[in-house]
Amino acid sequence: MYAYDNLPALMASLERIAFQPIFAIVFYVDVFFVLSALLLVYNFLKDERTLTEVRSNSCIGNVKLFFKKIIHRYISSAFWNSVSYIHNFVEVKDICISWSWYLACDMQFYVFILFILFVYARKPTFGVTIFLALLAVLTTIEIYLNVDMNVLPRLDSIFYHLFDFYSQPWNRMHPYLAGCTVGYAMFQIKDKKYPKNWYTTVSYWTVTGTIMIGTLFLTSFKETPAFNFAVALSVGRYAMGLFAGSWVVMCHIGYGGIVNTILSSRFFVHLNKVSYIMYLIHPILILLLNSTQESSPHFDVPSLTTTAFGVMLLSYVAAVIISPVFELPFQKLSDEYVMKKPKT
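The structure presented is a predicted model; accordingly, all values stated were derived computationally and were not measured.

### So, helix H12 (residues 226-252)
Next, step 1: Between the first and last C-alpha of H12 there are 38 Å, a value that for 27 residues agrees with the 39 Å anticipated at 1.5 Å per step.
Next, step 2: Considering bend angle alone, the principal kink of H12 is centred on Gly-236 and spans about 35 degrees.

### Things to note about the nonpolar core
Next, step 1: Counting 53 residues, the largest nonpolar core has Phe-44, Trp-101, Ile-113, Met-173, Tyr-176 and Leu-177 as the members making the most contacts within it.
Next, step 2: Among the elements that line this core, the one with the most residues is helix H6 (residues 101-122), at 14 residues.
Next, step 3: Residues contacting Leu-177, with those up to four places away along its chain left out, are Ile-113, Phe-131, Leu-134, Leu-135, Leu-138 and Tyr-238.
Next, step 4: Grouped together as the second largest cluster of nonpolar side chains are seven residues, Val-274, Ile-277, Met-278 and Ala-319 included.

### Some thoughts on the pattern of salt bridges
Next, step 1: As enumerated under the stated definition, the model contains four salt bridges in all.
Next, step 2: A salt bridge links Arg-237 to Asp-30; the nearest nitrogen and oxygen atoms lie 2.9 Å apart. Within this pair, whereas Arg-237 is found in helix H12, its partner Asp-30 is found in helix H3 (residues 30-46), the two being separated by 207 residues in sequence. Here Arg-237 and Asp-30 have matching classes, each one buried.
Next, step 3: Salt-bridge contacts for Arg-237 lead to Glu-142; the nearest nitrogen and oxygen are separated by 3.7 Å. Pair noted here: Arg-237 is in helix H12 and Glu-142 is in helix H7 (residues 124-149), with a separation of 95 residues, a long-range link. Judged on exposure class, the residue Arg-237 and its partner Glu-142 are both buried.
Next, step 4: What emerges from the salt-bridge pattern is a single network uniting Asp-30, Glu-142, Arg-172 and Arg-237.

### Considering the confidence of the model for the protein chain
Next, step 1: When pLDDT is averaged across the protein chain, the result is 82; 85% of the residues are at 70 or more.
Next, step 2: No element of the protein chain has a lower mean pLDDT than helix H2 (residues 20-24), at 70, and none a higher one than helix H10 (residues 173-188), at 94.

### A look at the environment of Leu-271
Next, step 1: Turning to its location among the elements, Leu-271 is positioned in helix H14 (residues 266-291).
Next, step 2: Assessed through its relative accessible area of 26%, Leu-271 is described here as partly exposed.
Next, step 3: Separated by 49 residues in sequence, Leu-271 and Val-320 place their C-alpha atoms 9.6 Å apart.

### A closer look at the environment of Ile-253
Next, step 1: Its place among the elements puts Ile-253 in the loop between H12 and helix H13 (257-263).
Next, step 2: We classify Ile-253 as buried; its relative accessible area is 18%.
Next, step 3: Between the alpha carbons of Ile-253 and Lys-190 there is a distance of 8.0 Å; along the sequence they are 63 residues apart.
Next, step 4: Not counting the four nearest positions on each side in its chain, Ile-253 is found in contact with Ile-189 and Tyr-194.

What counts and what doesn't
- Residues numbered from 1 in each chain as written.
- Predicted model: local features only at pLDDT ≥ 70, side-chain atom pairs only at ≥ 80, totals over all residues.
- Heavy atoms only, no water.
- Helix = DSSP H or I, 4+ residues; strand = E, 2+ residues; numbered from the N terminus.
- Expected span 1.5 Å × (residues − 1).
- Bend = angle between axes of the 7 residues up to and from the residue.
- Core = buried A, V, L, I, M, F, W, Y, C linked by side-chain atoms within 4.5 Å.
- Buried < 20%, exposed > 50% of the residue type's maximum accessible area, 1.4 Å probe, protein only.
- Contact = heavy atoms within 4.5 Å.
- Salt bridge = Lys/Arg side-chain N within 4 Å of Asp/Glu carboxyl O.
- pLDDT = per-residue confidence, 0-100.

Here you go:
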């Protein structure tokens, strides 16, 4: 972004209300966290074999199983990441692939929640207590830090404090915890049958859709006090995660309607398989594109739109090539040699 020769015009445009959905999208990577946590909790709790193993294992046995699952997760994504998974703690300028902060956060959250799930399998009440305490502590920390830094919903304030509140795990875990909550709720109702009701389906999707779209414009309230914005970044994002996760639950119990039909189509199923790689590869393509320019790019809406669609297309092509060549082989190796089930 800083390569544009008319950067002030770009910054001024992003402050306009019409551009707020684009500005707010930087927070919507949270949806990845919600889905990651939801799948982790739901799949763990419905896996009777794993639950039985955790409950019957000795302490040493559970430690081995715990690290086995971490290694499986590590191998599945190690190609894309720094080997330490702690690079989100260093300055963005010092990270080799700066946008991979997300992967570090996701891995750190996975370890925390997997530990709580192991505790829950043995002592459910204690596991829930740890989870609620974690939610309360993180909420307090995030509100305090963001108020102390005086982070405001303005572009200059957000970019100035970008490292402090954007990639740090304590400022990013609320959507993940929301996904855990939804995954737990989804497990509790997994065997229940719900009669289809057209009115309920339409009402739910209308209300939640309106709320989710409305959140795209929250950054237009530039004079919001730091405390209110801090609450929105913590409690608000937890609530947003609950809404986003509830869409999965509603589709699961038969209230998805046309939304479920669209998202279950072959197009979106295919896009789901490559979208993660597209996210990881698109900044590289942008850097390559900018490096071929003889002069700094000039911001205007038509050229930016054209560039955006071009990068999306190239990212898709690259993801289609990379997925079977690199990602899938790593996953198969992990499934075969790390998480291989013993023969019975």
